[in-house]
Amino acid sequence: MASRISELIIPCQDANGLAAFWCEVLDFVVLDTEDDGSVEIGPREGFGGLQPTLVFSPTTEPKTGPLRMHFDVNATDRDQDAELERLLSLGARPADVGQTGEESWHVLADPEGNEFCLLRARLS
């Protein structure tokens, strides 16, 4: 038997705003909100499935430097260029983490500056 990632915790300054952004990106829904302001989002089928849920945990500390871990996302129903336009329209912005420009992926940042990559492959 092995362990499986069930939740990823993301410290942030605007838990509701970041949860809304990532719900749009991933087609997730809000699963729970806590008294401390934390917001958990996940697949429509809820907690415990194949995909981990994301918990946005409020903090007053600003993000400093690049993240040591980041998300990679793939489009499920369109090509990479169309998905890039959609993500930018949701509030993502290009991020420079030292890429050469020859990569097959795009490096973006969410509204709080958390880096993530849009990969070329389309998942079904």
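Residues numbered from 1 in each chain as written. Predicted model: local features only at pLDDT ≥ 70, side-chain atom pairs only at ≥ 80, totals over all residues. Heavy atoms only, no water.

Looking at this model, I keep getting lost on the layout of surface pockets. Mind explaining?
Summary: where empty space remains is shown by rolling a probe the size of a single water molecule over the atoms. One number sums up the size of the largest pocket: a volume of about 620 Å³. Lining of the largest pocket is provided by 25 residues; of these, Val25, Leu26, Phe28, Gln51 and Asn74 occupy positions nearest its centre. Only helix H1 (15-26), strand S5 (71-73) and helix H2 (80-90) provide two or more residues apiece to the lining of the largest pocket. Tallying contributions element by element places H1 first for the lining of the largest pocket, with four residues. Of the residues contributing to the lining of the largest pocket, the split by class is twelve nonpolar, four polar and nine charged. Approximately 420 Å³ is the volume found for the second largest pocket. As for the second largest pocket, its lining consists of 25 residues, of which Ile10, Pro11, Lys63, Leu67 and Asn114 are closest to the centre. (1 Å grid on protein atoms, 1.4 Å probe; cavity = no way out; pocket = protein on both sides within 12 Å on 5 of 7 lines; lining within 4 Å. Points joined across faces, edges and corners; volume = space filled by probe spheres on them. Helix = DSSP H or I, 4+ residues; strand = E, 2+ residues; numbered from the N terminus. Nonpolar A, V, L, I, M, F, W, Y, C, P; charged D, E, K, R; others polar.)

How should I be thinking about H2 in this particular structure?
Each α-helix turn comprises 3.6 residues. Residues three or four places apart therefore point the same way. Looking at H2, one finds that the buried residues are Gln80, Glu83, Leu84, Arg86 and Leu87. An end-on view of H2 places all buried positions within 165° of arc, on one side of the element. Facing away from the buried side of H2 by more than 90 degrees, the exposed set consists of Asp81, Glu85 and Ser89. The secondary structure elements touched by the buried residues of H2 are H1, S5, strand S7 (106-109) and strand S8 (115-118). Between the side-chain oxygen of the N-cap and the backbone nitrogen of aspartate 81 there are 3.2 Å, and the N-cap of H2 in question is aspartate 79. Two residues or fewer after H2 comes glycine 91, characterised by a positive phi angle close to 120°. (Buried < 20%, exposed > 50% of the residue type's maximum accessible area, 1.4 Å probe, protein only. Arc of directions from axis to C-beta. Contact = heavy atoms within 4.5 Å. Polar contact = N/O pair within 3.5 Å; in protein donor to acceptor, adjacent residues only side chain to side chain.)

Help me understand the sheet that holds strand S3 (residues 39-42) in this model?
Strands belonging to one sheet form pairs held by backbone hydrogen bonds; the direction of such a pair is parallel or antiparallel. Spatially, four strands are ordered S1-S4-S3-S2 in an open sheet, and the strand pairing comes out mixed. Of all the strands in the sheet, the pair left with one neighbour each is strand S1 (7-12) and strand S2 (29-33). Pairs of neighbouring strands in the sheet enclose a mean axial angle of 25°, with direction left out of account. The pairing of S3 with strand S4 (residues 53-58) spans three bridges and is classified as antiparallel. Each residue of the ladder has a partner; that of glutamate 40, found in S4, is valine 55. Taken strand by strand, H1 contacts S1, S2, S3 and S4, and its axis lies near 160° from that of S4. (Pairing = 2+ DSSP bridges. Axes fitted to C-alpha atoms, helices over the stretch in contact; angles between N-to-C directions.)

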